[in-house]
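Fold and contact review
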Amino acid sequence: MGRVGYQLEPGRQAGWTFVVGRGFIAALPDDTPSAVTATLAALVTAPHVEAEALVALLPLGGETPTAHFAVIVQRAPTDEDGIPVSVIARGDVAVDVFSVGGSRRFSAGGIRPWLLADFRSVIGLTIGFAGRPVVPAAGLGSGHPFGLGSVDATTLFWSLSDLALPAPAPADAAPGAADPPDDPPDDATIIHAGGNQSPADADTVLGRPARATPRAAAAHPVRPAEARLRFRLPNGEEIPLDRPSHVGRRPRPPRIASGAPARLVNVDSPTSAVSGTHLEIRQEGSSVVVTDLGSTNGSIVIPPRGRRLRLHPGQSLTVLPGTTVDIGDGNIIEILPAAGTTPAQ
């Protein structure tokens, strides 16, 4: 997934809690309620996380809103050097985005509820307060190495591990000549303001992506040590997530199978609101990924915390135990925690 490092300036409060996952990086103020941080940390092993779903887990209003945050996810891979990423920011946070040609600083300023930008050919990032100086590209390898999880720090550094970083500018070069931080976005950057845009279509690991067949990993069985989550059907039947399950009115196996065959789960749908093969449910690490398999009417995801989300045809979402998914005709599927635990655990 590339290299991640963090820096904590001596004698200074950290300022940020960084949550680093396989599918995303999030920066939250270090006084963010622990329940919010724990919700994001529970998703760190998931390979696919929707950016909009991550933002939906953050309280943007009420008595204790998350006034400052950044969320970074990868978009669909291309053949260019580096990877495409989407960055969502709000408040006093800045993300310096590096490509082979230099860097640019992205921040939301006063735009509410948040600002989104899509970048191409990204080889590195730094995340921290908006007023900090821009580091040269050679500094992307700074900080204490870090893996998956959460850490309190002042700045986070991320870089691709298999690309050579640009050499720093000569010592006699004018400051900022090589890496102007505040240039307006060029044609490789698309910016959207507000929360009514869809930030990303296919969010995966922040790393050098393999050119794999799309969704090839979806049919891989869960390793026995991880086969502990389940889901409950409207009739009370509980089904283990030891392999992917396809739920629908008359579900069919995928045309191209990889790994263990999917379990076919039939549900009643008198009005045909549920499609023949409507929803896939599979376990990835300690999380669950639900995917709408091109249904006619879509699916409604109701997380234990946060707002309802409509899962459009073909869209995937990483969810926590306690989430319910409404696929129509009264068919509400509940994601269950491991036996002997509760959703909060």
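Read on for an overview of the structure. (Residues numbered from 1 in each chain as written. Predicted model: local features only at pLDDT ≥ 70, side-chain atom pairs only at ≥ 80, totals over all residues. Heavy atoms only, no water.)

**Comments concerning the sheet that holds strand 21 (residues 309-311)**
Strand order in the open sheet made by the 6 strands is 15-14-24-23-20-21, with antiparallel pairing throughout. With one partner strand each, in any of the chains shown, strand 15 (238-240) and strand 21 form the two edges of the open sheet. Adjacent strand axes in the sheet meet at a mean angle of 25 degrees when their direction is disregarded. When strand 14 (residues 230-232) meets strand 24 (residues 332-336), the two strands line up antiparallel, connected through 3 bridges. (Pairing = 2+ DSSP bridges. Helix = DSSP H or I, 4+ residues; strand = E, 2+ residues; numbered from the N terminus. Axes fitted to C-alpha atoms, helices over the stretch in contact; angles between N-to-C directions.)

**Things to note about the pairing of strand 11 (residues 149-153)**
Along strand 11, the buried face is formed by Gly149, Val151 and Ala153; none of Ser150 and Asp152, which line the opposite face, is buried. In the sheet, strand 2 (residues 16-20) pairs with strand 11 via 5 bridges, with the strands oriented antiparallel. Considered in strand 11, the bridge of valine 19 is made with serine 150. (Buried < 20%, exposed > 50% of the residue type's maximum accessible area, 1.4 Å probe, protein only.)

**Looking at unusual backbone geometry**
At the junction of arginine 112 and proline 113, the peptide bond is cis and its omega measures out at 0 degrees in the coordinates. Among the secondary structure elements, proline 113 is positioned in the loop between strand 7 (102-107) and strand 8 (115-122). A positive phi angle, close to 60 degrees, is found at serine 272, a residue other than glycine. With a relative accessible area of 44%, serine 272 lands in the partly exposed category. One non-glycine residue, aspartate 329, lies in positive phi territory at about 55 degrees. Along the chain, aspartate 329 falls in the loop between strand 23 (324-326) and strand 24. Owing to a relative accessible area of 30%, aspartate 329 belongs among the partly exposed residues under this scheme.

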